[in-house]
Amino acid sequence: MNRTVRTLSLGELTDLIDWAAAEGWNPGLEDAAMFQAADPEGFIGAFVRDEMVAAISAVAYGQDFGFIGLYICRPDMRGNGHGKAVWTAGMDRLAGRTIGLDGVEEQQANYRSKGFEPVYETIRYSGRPAALPVRAERPSMASAQPTPDIIAYDALCFPAPRRSFLQRWLQPPHHHAVTAITSRGTAGYAVARACRSGFKIGPLFADDEQTALELLGELAGACKGGELNIDVPATQVDFIAALEAASFTPTFSTTRMYKGAPPRLDAKRVFGVTTLELG
């Protein structure tokens with residue numbers, strides 16, 4: 001079978017996002033264009049007779065970190081080596097970097113055999129919050145823009161700089177982005193993106209649990225009662241307890257895994273990961 005492996009166009013990446021929807025992953029309405037901004041060369045497909053049969057994202061964030069996601073083989077073409085072909089191409093593209101991915105339980109043994117090690121569990125919580133606690137003197141809330149303050153705050157919480165991605169990720173109309181500001185400066189920021197069903201929150205980065213809850217409450221209002229979905233590190237025990245008290249329920253989990261030395265970041269500020277596809 002004659003197979004070609006190459007970079008995806010935006011239209012082909014849109015098709016891959018549709019595959020993700022068919023798998024039940026509930027992608028964002030504008031994910032193709034937003035994802036491509038992170039690394040235009042980072043989306044790879046296998047083609048047979050000009051038809052895409054498998055694909056993967058292998059997004060490079062500079063020279064030290066990369067992330068694998070959107071790893072899908074078309075159901076009717078499985079068992080022919082197409083998935084292995086795009087996996088190899090993606091890993092080759094990110095060679096020399098620490099590589100991250102979010103693995104579901106049934107695939108973790110496979111990823112471990114490829115050199116990935118688990119670091120922490122992430123739990124998806126979903127719901128329409130009944131009420132979230134608010135302080136008497138809470139931070140000021142403002143629209144988050146890709147300003148130097150936001151980019152610098154993001155760099156505390158993410159393994160590598162991602163300015164070009166944030167310049168698209170923070171833009172309306174399909175994304176709501178808000179930042180918390182205190183007398184000391186930026187205390188966190190969060191984004192809600194419209195999805196095929198409801199909204200996904202990510203990232204949710206904040207100085208502390210209460211600021212994270214207040215950012216989440218601000219986004220809940222912007223989403224006008226739509227269901228919210230947030231992927232929370234299981235280490236954020238108090239934040240999870242607050243979500244459950246506000247009627248959020250766990251729906252599934254993944255495990256963040258790395259091949260290479262785990263990147264340094266301020267994990268205590270990470271209350272919601274950006275996406276399971278891009279890290």
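Figured I'd write up the structure that's included with this text. (Residues numbered from 1 in each chain as written. Predicted model: local features only at pLDDT ≥ 70, side-chain atom pairs only at ≥ 80, totals over all residues. Heavy atoms only, no water.)

Digging into the nonpolar core
Among the nonpolar cores identified, the biggest contains 40 residues, and Leu16, Phe43, Tyr61, Tyr189 and Leu278 are the most heavily contacted of them. Listed by contribution, the elements that provide at least two residues to this core are α1 (10–22), α2 (31–38), β2 (43–48), β3 (51–61), β4 (65–73), α5 (148–157), α6 (163–169) and β9 (185–194). Of the residues forming this core, the biggest block, five residues, is contributed by α1. (Core = buried A, V, L, I, M, F, W, Y, C linked by side-chain atoms within 4.5 Å. Buried < 20%, exposed > 50% of the residue type's maximum accessible area, 1.4 Å probe, protein only. Helix = DSSP H or I, 4+ residues; strand = E, 2+ residues; numbered from the N terminus.)

Some thoughts on α1
With 13 residues, α1 ought to run about 18 Å at 1.5 Å a step, and its terminal C-alpha atoms sit 19 Å apart, in line with that. Listing the buried residues of α1 in full gives Glu12, Leu13, Leu16, Ile17, Trp19 and Ala20. One face of α1 carries all of its buried residues, which in axial projection span an arc of 150°. Taken together, the buried residues of α1 touch β1 (3–7), α2, β2, β3 and β4. (Expected span 1.5 Å × (residues − 1). Arc of directions from axis to C-beta. Contact = heavy atoms within 4.5 Å.)

Description of helix α7 (residues 209–222)
A rise of 1.5 Å per residue sets the reference length of α7, with its 14 residues, at 20 Å; its end C-alpha atoms lie 20 Å apart and thus fit the reference within 8%. Listing the buried residues of α7 in full gives Gln210, Thr211, Ala212, Leu213, Glu214, Leu215, Leu216, Leu219 and Ala220. Its side-chain oxygen 3.3 Å from the backbone nitrogen of Gln210, Asp208 forms the N-cap of α7. Of the residues trailing α7, Lys224 is marked for its positive phi of about 50°. (Polar contact = N/O pair within 3.5 Å; in protein donor to acceptor, adjacent residues only side chain to side chain.)

Section: empty space enclosed by the protein
Counted according to the given criterion, the structure contains one cavity of 30 Å³ or more. Taken as a whole, the largest cavity encloses approximately 50 Å³ of empty space. Every residue along the wall of the largest cavity is listed here: Arg124, Arg193, Lys200, Ile201, Gly202, Asp231, Val273, Thr274, Thr275, Leu276 and Glu277. For the lining of the largest cavity, the element with the most residues is strand β10 (residues 199–206), which contributes three residues. The residue inventory of the lining of the largest cavity, partitioned by class, reads three nonpolar, three polar and five charged. (1 Å grid on protein atoms, 1.4 Å probe; cavity = no way out; pocket = protein on both sides within 12 Å on 5 of 7 lines; lining within 4 Å. Points joined across faces, edges and corners; volume = space filled by probe spheres on them. Nonpolar A, V, L, I, M, F, W, Y, C, P; charged D, E, K, R; others polar.)

Comments concerning the pairing of β10
Across the eight residues that make up β10, a large majority, eight, are buried. For β9 and β10, the ladder comprises six bridges, and the chain directions are antiparallel. Across the sheet, Gly188 pairs through a bridge with Ala206, a residue of β10. Where β9 folds back on β10, the antiparallel hairpin that results is connected by four residues, among which Gly198 adopts a positive phi of roughly 70°. Relative to strand β11 (residues 228–233), β10 is paired through three bridges, and the arrangement is parallel. The partner of Ile201 across the bridge, within β11, is Ile230. Where β10 lies against strand β13 (residues 270–272), two bridges are found, and the strand directions are antiparallel. (Pairing = 2+ DSSP bridges.)

Points about the packing of α1 against α2
At their nearest, the axes of α1 and α2 sit 9 Å apart, and the two run at 120° to each other. When the axes of α1 and α2 are compared, the pair comes out oblique. Seen along the crossing, α1 lies across α2 with a hand that is right-handed. Across the interface between the two elements, Leu10, Leu13, Thr14 and Ile17 from α1 touch Asp31, Ala32, Ala33, Phe35 and Gln36 from α2. A class-by-class count of the residues in the contact of α1 with α2 yields six nonpolar, two polar and one charged. (Axes fitted to C-alpha atoms, helices over the stretch in contact; angles between N-to-C directions. Parallel < 35°, antiparallel > 145°, perpendicular 65-115°, else oblique. Left-handed = near helix turned anticlockwise from the far one by under 90°.)

With respect to the packing of aromatic side chains
On inspection of all chains with the given rule, the structure shows twelve aromatic pairs. Ring geometry for Phe65 and Phe158: centres 6.0 Å apart, planes at 85°, overall edge-to-face. Of this pair, Phe65 sits in strand β4 while Phe158 is found in the loop between α5 and α6, placing the two residues 93 residues apart along the sequence. On the basis of relative accessibility, which here comes to 3%, the residue Phe65 falls in the buried class. Seen from their ring centres, Tyr189 and Phe205 are 5.9 Å apart, and the 85° between their planes marks the pair as edge-to-face. A residue pair is termed long-range when its members are at least 10 positions apart, and Tyr189 in strand β9 and Phe205 in strand β10 qualify at 16 residues. Since its relative accessible area comes to 0%, Tyr189 is described here as buried. Judged by relative accessible area, Phe205 falls into the buried class, the value being 2%. Each member of the aromatic cluster is reached from another via a ring pair, and the members are Tyr61, Phe65, Phe158 and Tyr258. Sitting over the ring of Phe158, Arg162 keeps its end group 3.8 Å from the ring centre. (Phe/Tyr/Trp six-rings, centres within 6.5 Å; stacked < 30°, edge-to-face > 60°. Lys NZ or Arg CZ within 6 Å of the ring centre and 35° of its normal.)

What is shown is where atoms sit, not what they do.
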